[in-house]
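The residues making up each chain are set out below.
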Amino acid sequence: MADKSKESGFRTSIGGQALIEGILMRGPEKQAIVVRRPDGGMEIQVEELKLIKARYPVLGWPFIRGCVTFLDSMYRGVKALMFSADFYPEEEEEAEPSRFEQWLEKKLGSEAFGKAIITLAVVMAVCLSVGLFFLLPTLITGLLGNFLPMNKLAVSLVEGVVRILIFLVYLILCSRMKDMQRVFAYHGAEHKSIFCYERGLELTVDNVRKMPRHHPRCGTSFLFMVIAIAILVHAVMFSLYDPPNLLVRILLQLLSLPVIMAVSYEFNRYAGGHDNIVTRILTAPGLWMQNFTTFEPDDSMMEVAIEALKQVLPREKGQDAW
């Protein structure tokens, strides 16, 4: 089947995130959350987007917008995930809120308490990601250095290999979890619906089903690019300066994260809007890794993705162009 999106050159800026039995879709003007309820119906929540860069334009500048967009997406994503989880509570009886939680809710109010919980969840997720994919590889490489003498370049390369291996193992383990397999199937539905829209086809289950499930602007590809650019940045940085100890090395890596995020975001934007031999080569590993994070969806999942996408389509055609 011919790729009409490539022929027309149209690429949408609309993107999404898989939830628990649902999808978050984000367009240029609106954000929609569509969840398949246990009774089979769809719960739809749509809100107008109020972006912080509209109030502070400097936050939308290149190499600044990357970190801002990442944190904003994390916050909205966690909030949407908690919303979808409310429709599928655990079978076990929920524990009573602790005294601290009751005190916090009383002092802050239910709305502020909810925002505080989401913010805490985002901070914990960021800390876990940094610890797992950045600090742990550094610690492992530091331990290996006690047994295997390595020069500065070798340390950076080994650290990079360990980082990629940890990322791969993490993805593989997640893909084998039964609950995550359904989330990843919704992820596939999100990609397929966006491809269908980009190719100018009617948004129907039959048309969406024919689409590929690997998308070059996927978050998985972005995360891999963050890791790849981190390897490059750290190799250059530590070839110019040899940290006196492991603690300094870790501190410098943490300080370099905003730069790595900014460069990764700008590359992802470029790769998403261009199709050439360079972008194909550089995005190929991220596309391959989507074998672990996107599965083929069923018809009901594609219906959810189509509904979510329809909710965020712009009023004016082409307003969502990448």
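Above this text is the structure in question.
Note that the coordinates shown come from a computational prediction; the quantities given were computed from them, not determined experimentally. (Residues numbered from 1 in each chain as written. Predicted model: local features only at pLDDT ≥ 70, side-chain atom pairs only at ≥ 80, totals over all residues. Heavy atoms only, no water.)

A.B. asks: Before we move on, could you go through the sheet that holds strand β4 (residues 42–48) and cite the residues and values that matter?
C.D. replies: Strand order in the open sheet made by the four strands is β1-β2-β3-β4, with antiparallel pairing throughout. The open sheet terminates on both sides in strands that have one partner only, identified here as β1 (15–19) and β4. For this sheet the average axis-to-axis angle between neighbouring strands, irrespective of direction, equals 15°. As paired strands, strand β2 (residues 22–26) and strand β3 (residues 30–36) are joined by five bridges and run antiparallel to one another. If you follow Ile23 over to β3, its bridge partner there is Val34. Against the sheet, helix α7 (residues 178–198) touches β1, β2 and β3, its axis set at about 160° to β1. (Pairing = 2+ DSSP bridges. Helix = DSSP H or I, 4+ residues; strand = E, 2+ residues; numbered from the N terminus. Axes fitted to C-alpha atoms, helices over the stretch in contact; angles between N-to-C directions. Contact = heavy atoms within 4.5 Å.)

A.B. asks: Which residues make up the pattern of salt bridges, and what values do they have?
C.D. replies: Evaluation of the coordinates by the stated rule reveals 18 salt bridges. A salt bridge links Glu266 to Arg65, with the nearest nitrogen and oxygen atoms 2.7 Å apart. A residue pair is termed long-range when its members are at least 10 positions apart, and Glu266 in helix α10 (residues 246–273) and Arg65 in helix α3 (residues 65–85) qualify at 201 residues. Residue class for Arg65 comes out buried when judged on its relative accessible area of 19%. As a salt-bridge pair, Asp206 and Arg209 come within 3.0 Å of each other at their nearest N and O atoms. Of the two residues, Asp206 and Arg209 are both situated in helix α8 (residues 205–209); the distance of three residues between them amounts to about one turn of the helix. Each of Arg26, Glu47, Asp72 and Arg76 takes part in a single network of salt bridges with overlapping partners. (Salt bridge = Lys/Arg side-chain N within 4 Å of Asp/Glu carboxyl O. Buried < 20%, exposed > 50% of the residue type's maximum accessible area, 1.4 Å probe, protein only.)

A.B. asks: Describe the environment of Val68, listing the residues and the values that go with them.
C.D. replies: Along the polypeptide, Val68 turns up in helix α3. Judged by its relative accessible area of 23%, Val68 falls in the partly exposed class. Taking the C-alpha atoms as reference points, Val68 and Met261, 193 residues apart in sequence, are found 9.7 Å from one another. When sequence neighbours within four positions are dropped, the list of residues in contact with Val68 reads Ile52 and Leu59.

A.B. asks: Summarise helix α12 (residues 299–312); cite the residues concerned and give the values.
C.D. replies: A rise of 1.5 Å per residue sets the reference length of α12, with its 14 residues, at 20 Å; its end C-alpha atoms lie 21 Å apart and thus fit the reference within 8%. Among all positions in α12, only Met301, Met302, Val304, Ala305, Ile306, Ala308, Leu309 and Val312 are buried. Packing partners of the buried residues in α12 comprise β2, β3, β4, α7 and α8. (Expected span 1.5 Å × (residues − 1).)

A.B. asks: Explain the environment of Arg213 residue by residue, including any values.
C.D. replies: Tracing the backbone through its elements, the reader meets Arg213 in the loop between α8 and α9 (219–240). Beyond its immediate sequence surroundings of up to four residues, Arg213 is in contact with Gly188, His191, Lys192, Gln290, Asn291, Thr294, Phe295 and Glu296. A polar contact of 2.5 Å, which involves the side chain of Arg213, links it to the backbone oxygen of Thr294. (Polar contact = N/O pair within 3.5 Å; in protein donor to acceptor, adjacent residues only side chain to side chain.)

A.B. asks: Outline the packing of α7 against α12, listing residues and values.
C.D. replies: One can describe the packing of α7 onto α12 by two numbers: an axis separation of 8 Å at closest approach and a directional angle of 50°. With respect to their mutual orientation, α7 and α12 come out oblique. Seen from above, α7 lies across α12 with right-handed handedness. Of the residues in α12, those in contact with Arg182, Ala185, Tyr186, Ala189, Glu190, Lys192, Ser193, Ile194 and Tyr197 of α7 are Met301, Met302, Val304, Ala305, Ile306 and Leu309. (Parallel < 35°, antiparallel > 145°, perpendicular 65-115°, else oblique. Left-handed = near helix turned anticlockwise from the far one by under 90°.)

A.B. asks: Mind laying out the packing of aromatic side chains, listing which residues take part and the relevant values?
C.D. replies: What the rule picks out here adds up to six aromatic pairs. Ring centres of Phe83 and Phe87 lie 5.4 Å apart, and the angle between their planes is 75°; on these two criteria the pair is classed as edge-to-face. Each ring, one from Trp288 and one from Phe292, has its centre 5.4 Å from the other, and the planes form 90°; the classification is edge-to-face. Taken together, the residues span about one helical turn, with Trp288 and Phe292 both in helix α11 (residues 277–293) at a distance of four residues. Looking at Phe292, the relative accessible area reads 17%, which means it is buried. Grouped by ring-pair contacts, the aromatic residues Phe133, Phe167 and Tyr170 constitute a single cluster. Its end group placed over the ring of Trp322, Arg269 keeps NZ or CZ at 5.7 Å from the ring centre. (Phe/Tyr/Trp six-rings, centres within 6.5 Å; stacked < 30°, edge-to-face > 60°. Lys NZ or Arg CZ within 6 Å of the ring centre and 35° of its normal.)

A.B. asks: I'd love a proper account of a nonpolar patch on the surface, names of residues and values included.
C.D. replies: Judged by side-chain polarity, Ile52, Tyr56, Val58, Trp61 and Ile64 come together as a nonpolar surface patch covering roughly 460 Å² of accessible area. Relative to the helices and strands, Tyr56 is located in the loop between α2 (52–55) and α3. (Patch = residues over 30% accessible without salt bridge, like charges linked within 9 Å, V, L, I, M, F, W, Y side chains within 5 Å. Areas by Shrake-Rupley, 256 points an atom, 1.4 Å probe, with all protein chains shown as cover.)

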